[in-house]
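Coordinates in review
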Amino acid sequence: MKKILFIEDEAALQKTFNEILNNHGYKVVSALDGKTGLRLAETINPDLILLDLVLPKIHGFEVLKKMKQNEKMKNIPIIILTNSENIENINKSIELGASAYLIKANYSLNEIIEKVKKTLKE
């Protein structure tokens, strides 16, 4: 079973994604802030990370940068899942090594699941 780390500070969104991803056969581990997300990424070695940008404790860009600089985590695909449509944020995320950048409001849950499957090559 593939593990997904979901770093998102909205508890309701965490719960919804957790249920849907579990129903699709994924084990989901949740982090409500960037600091916890970084720690969990190192300890659980997820197959994929869903990362919000606006997070407490450590901003998503910093989380992304630290993960991509870490030998143990640098090859884990990271999908940015955020509300920001700012082109500079999109470009910066891709430059820092994100696999994809999804704007929450523009995608249905099914479309996000499909992106997860595609990124994991399933």
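Residues numbered from 1 in each chain as written. Predicted model: local features only at pLDDT ≥ 70, side-chain atom pairs only at ≥ 80, totals over all residues. Heavy atoms only, no water.

So, the sheet that holds strand β3 (residues 48-51)
Rules: When DSSP locates at least two bridges between a pair of strands, those strands are taken to pair. Numbering of helices and strands runs from the N terminus; a helix is a DSSP stretch of H or I covering at least four residues, while a strand is a stretch of E covering at least two. To define axes, lines are fitted to C-alpha atoms, for helices over the stretch in contact only, and angles between the resulting N-to-C directions are given on a 0 to 180 degree scale. Residues count as neighbours in contact if any of their non-hydrogen atoms are within 4.5 Å of one another.
Strand order in the open sheet formed by five strands is β2-β1-β3-β4-β5, with parallel pairing between adjacent strands. In the strand order of this sheet, the two ends are held by β2 (27-31) and β5 (100-103), each with one partner. Between one strand axis and the next, the sheet turns by 20 degrees as a mean value, whatever way the strands run. Alignment of β3 against strand β4 (residues 78-82), held across three bridges, turns out to be parallel. In the strand pairing of β4, leucine 50 is matched with isoleucine 79. The strands touched by helix α2 (residues 34-44) within the sheet are β1 (3-7), β2 and β3, with β1 carrying the most contacts at an inclination of about 165 degrees.

Side note on unusual backbone geometry
Quick note on the threshold: Throughout, exposure labels follow a simple rule: accessible area from a 1.4 Å probe, protein chains only, divided by the maximum for the residue type, with under 20% read as buried, over 50% as exposed, and the rest as partly exposed.
One non-glycine residue, lysine 57, lies in positive phi territory at about 70 degrees. Here lysine 57 shows up in the loop between β3 and α3 (60-69). Judged by relative accessible area, lysine 57 falls into the exposed class, the value being 67%. A positive phi angle is found at lysine 121, which is not glycine, with a value near 60 degrees. In this fold, lysine 121 is placed in the segment after α5 (109-119).

Thoughts on the environment of threonine 36
Mapped onto the fold, threonine 36 is located in helix α2. Its relative accessible area of 21% is what places threonine 36 among the partly exposed residues. Sequence spacing of threonine 36 and proline 56 is 20 residues, and the spatial spacing of their C-alpha atoms is 9.9 Å.

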